[in-house]
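A closer look at the structure
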Amino acid sequence: MFISHPMIVPCLTSFVGGSHDRKRSWPSTGSWTPGDPSKCQGRLTCAAARPLAGMARHHHHHLVAHLSASAPLADILRSAPTLAAARAAHARALKSPFAGETFLLNTLVSAYARLGRLPDARRVFDGIPRRNTFSHNALLSAYARLGRPEDAHALFEAIPDPDQCSYNAVVAALARHGRGRDALRYLAAMHAGDFVLNAYSFASALSACAAEKDSRVGEQVHGLVFKSPHAEDVHIGSALVDMYAKCERPEEARRVFDAMPERNVVSWNSLITCYEQNGPVSEALVLFVEMMDAGFVPDEVTLASVVSACAGLASEKEGRQVHARVVKCDRFREDMVLNNALVDMYAKCGRTWEARCVFDCMAFRSVVSETSMLTGYAKSAKVEDAQVVFSHMVEKNVIAWNVLIAAYAQNGEEEEAVRLFVRLKRESIWPTHYTYGNVLNACGNLADLQLGQQAHVHVLKEGFRFDFGPESDVFVGNSLVDMYLKTGSIDDGAKVFERMAARDNVSWNAIIVGYAQNGRAKDALLLFERMLCSNESPDSITMIGVLSACGHSGLVEEGRRYFRSMVEDHGITPSRDHYTCMIDLLGRAGHLKEVEELIKDMPMEPDSVLWASLLGACRLHKNVEMGEWAAGKLFELDPENSGPYVLLSNMYAEMGKWGDVFRVRRSMKDRGVSKQPGCSWIEISRKVNVFLARDNRHPCRNEIYNTLRIIQIEMGRISVDGEIANFNELLL
């Protein structure tokens, strides 16, 4: 027996405001067949319980004679395997004395509907001279089965006296085809009208609740199931598990599953899929093992859900075991959904070679498998391979465009990301908020303000409010703030931040870090205090921004206080990056002894960034001993990097230690370390010109070097004129 949830309302009439104190008795369900609305009980009234013999006796024998005579024709229509056979039986019926018999014409409507010929079924229906409720039900069931919810709704409203089958058919039609809310209204009307809700009614109702994610009404249906003879029906139990799963109520789904006296593969699949989609994902794998231990043979749905769970957990080992099971079965090897899940699993585990093998062996591919392969390459930074997959896609949905744009933006190919966005617009693909987030990140990394402003215009046209919701677009606002601050347009970034309808941690982090990087340290700290007042909890990124702001403005005491507050007030364990910020702050201020103690007390090994920060501070304060210590560590960690050699050499030069300068330069030469040439660029007329030291590849190099010589001569002349003027002043 299924458990009764304490919040379950034992009646559905509250959905339409009806009462729920009627007494009900439930008929036997022994003759009910799942999916067949014709197996119905009637209304729970005394009239419904009367035998057929209660009809007027002088009509009874006449009716029986007609039915017996037309029964062979009806049997032929019911068993007609093809449209030609049905039409032949139809022609035979027209020539018979029963051509206008309602019973026979109803059977003909059902026959055409069964063969998918709705126009023929409708023509027969329209020609029935004396339609009854069964006539309407025959066509109504066809509309339900063949996906015509609007026609089913209109036909139901035209039935003079709908019965239980009528209600079941219209509820099923609406529930199956995206009209769950209307389906539940009809179910409530059916319940209020004292019709028996049978297994077919419950299955359609639970499907509608699942589609609408309406657990409140789902609980009411659960209460009705609990009071009905169907409480232990395995099909209804599976539907309940599925409903709670789709309403994101895994605990309730598990309680229903545990209370089921009988289970089938669908029951197990429903709960495994529930855990895979709602978590904890690891429970899906545990349940899969329990399923096999219980003697159930998993089908393709089971394996697809388990593979998806492996993808979510990045559990490559378990995923390979499931893959081995798939390979052993021909039916599984050809299943597209299962193969799509395998491609996705290997891609998310970073095993692009295995994902490609599964992808190449697929007899048929869908946009899902292609997008999974594309995503796998993108996440593994294999941008060229991702571009090849994208170019071969016959159908490119917006997800595929977003994946490739993100791959370009995150792997240093921002120009390609912007070009792809322009191509997307030209091909009339409707961008999503993810598209704009990636494009704005690319503009920010390029430090191209004009391009970022153009992207901002597109964002405004889309009407984004930067708010939470089913499709949260807050991160688009975050990307805008980040873009403006990276391009140096601080005030524009602040305006976007202030106008956001909602903010999350990333919003605050973007503005605080942006202010710190742009030299607005005091504003960054004020924003941090404002963040705390808004009851938003800082994270490790926030504290990096705060400590950087203190370092850039020389606020040593404030930096120490904020560093201590990380553990004491916010429960954040300092990472290597936080220690690097503190060493930069203390080193800039000349507290090198404190820096040494802090490094020795660190719970992790310092990295090259930290030692480089210390070396820079030592050069600034001319601390040769500590500078040599930092440089030695850098030589060990990154021997190919020329930066530490140059910094140490310059520090020696500034102190006049030319022998040490020569020694560092010779060591650099002996180890084959070469100084990376400096690089600069300038944008002129929307074209970026890149220059390297001693670069002779620019097409305008002759004009550039001639101009540089003229500038050098003029600068020399100004310098000579200045020296003469100073000499004349001394003479005076």
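In this text the structure is predicted, and so the values were computed from the model without any measurement. (Residues numbered from 1 in each chain as written. Predicted model: local features only at pLDDT ≥ 70, side-chain atom pairs only at ≥ 80, totals over all residues. Heavy atoms only, no water.)

**Some details on the side chain of Thr542**
Looking at where Thr542 falls in the secondary structure, it is placed in helix H31 (residues 540–553). Polar contacts involving the side chain of Thr542 include one to the side chain of Asn509, which spans 2.4 Å. Polar contacts involving the side chain of Thr542 include one to the side chain of Asp539, which spans 2.8 Å. The contacts of Thr542, once residues within four sequence positions are left out, are Asn509, Ile512, Phe528 and Met531. (Helix = DSSP H or I, 4+ residues; strand = E, 2+ residues; numbered from the N terminus. Polar contact = N/O pair within 3.5 Å; in protein donor to acceptor, adjacent residues only side chain to side chain. Contact = heavy atoms within 4.5 Å.)

**So, the side chain of His230**
For His230, the position within the fold is in the loop between helix H11 (215–227) and helix H12 (234–246). A residue is classified by how much of its surface remains accessible, and His230, at 3% relative accessible area, is buried. Of note is the side chain of His230, whose polar atom sits 3.4 Å from the backbone nitrogen of Ala199. (Buried < 20%, exposed > 50% of the residue type's maximum accessible area, 1.4 Å probe, protein only.)

**Considering the packing of aromatic side chains**
Evaluated as defined, the whole model comprises 12 aromatic pairs. Plain terms: the ring middles of Phe421 and Tyr436 are 5.8 Å apart, the flat faces sit at 65° to each other, and that makes the pair edge-to-face. Here the residue Phe421 occupies a position in helix H24 (residues 414–426), and Tyr436 occupies one in helix H25 (residues 433–446), the gap between them amounting to 15 residues. Residue Phe421 is classed as buried on the basis of its relative accessible area, which comes to 6%. The buried category is assigned to Tyr436, whose relative accessible area is 1%. Joined through ring pairs, the aromatic side chains of Phe257, Trp268 and Phe296 make up one cluster. Over the aromatic face of Phe359 sits the side chain of Arg365, whose NZ or CZ is 4.4 Å from the ring centroid. Sitting over the face of the ring of Tyr562, Arg561 holds its NZ or CZ atom 4.7 Å from the ring centroid. (Phe/Tyr/Trp six-rings, centres within 6.5 Å; stacked < 30°, edge-to-face > 60°. Lys NZ or Arg CZ within 6 Å of the ring centre and 35° of its normal.)

**Here's the deal with helix H10 (residues 199–212)**
With 14 residues, H10 extends 20 Å from end C-alpha to end C-alpha; this agrees with the ideal 20 Å at 1.5 Å per step. Across the 14 residues of H10, 10 count as buried, placing the element largely inside the fold. For H10, the complete set of buried residues consists of Ala199, Tyr200, Ser201, Phe202, Ser204, Ala205, Leu206, Ala208, Cys209 and Ala210. Buried residues along H10 sit in contact with helix H8 (164–176), helix H9 (180–192), H11 and H12. (Expected span 1.5 Å × (residues − 1).)

**Describing the packing of helix H17 (residues 316–327) against helix H19 (residues 336–348)**
The N-to-C vectors of H17 and H19 enclose an angle of 155°; their axes lie 11 Å apart at closest approach. Relative to H19, H17 is oriented roughly antiparallel. As H17 runs across H19, the sense of the crossing is left-handed. Here H17 contributes Gly319, Arg320, His323 and Val326 to the contact with H19, which in turn contributes Leu338, Leu342, Met345 and Tyr346. Tallied by class, residues from the contact of H17 with H19 come to five nonpolar, two polar and one charged. (Axes fitted to C-alpha atoms, helices over the stretch in contact; angles between N-to-C directions. Parallel < 35°, antiparallel > 145°, perpendicular 65-115°, else oblique. Left-handed = near helix turned anticlockwise from the far one by under 90°. Nonpolar A, V, L, I, M, F, W, Y, C, P; charged D, E, K, R; others polar.)

**Observations regarding a negative patch on the surface**
Together, Glu384, Asp385, Glu413 and Glu415 line one region of the surface with negative charge. Counting through the fold element by element, Glu415 comes out in helix H24. (Patch = residues over 30% accessible without salt bridge, like charges linked within 9 Å, V, L, I, M, F, W, Y side chains within 5 Å. Areas by Shrake-Rupley, 256 points an atom, 1.4 Å probe, with all protein chains shown as cover. Salt bridge = Lys/Arg side-chain N within 4 Å of Asp/Glu carboxyl O. Lys, Arg positive; Asp, Glu negative; His and termini not counted. Charge placed at Lys NZ, Arg CZ, Asp CG, Glu CD.)

**Concerning the environment of Thr302**
You can see Thr302 is positioned in helix H16 (residues 300–313). For the pair Thr302 and Val265, spaced 37 residues apart in the sequence, the C-alpha separation amounts to 8.2 Å. The contact partners of Thr302, leaving out residues within four places of it in the chain, are Val265, Asn269, Ile272, Phe288 and Met291.

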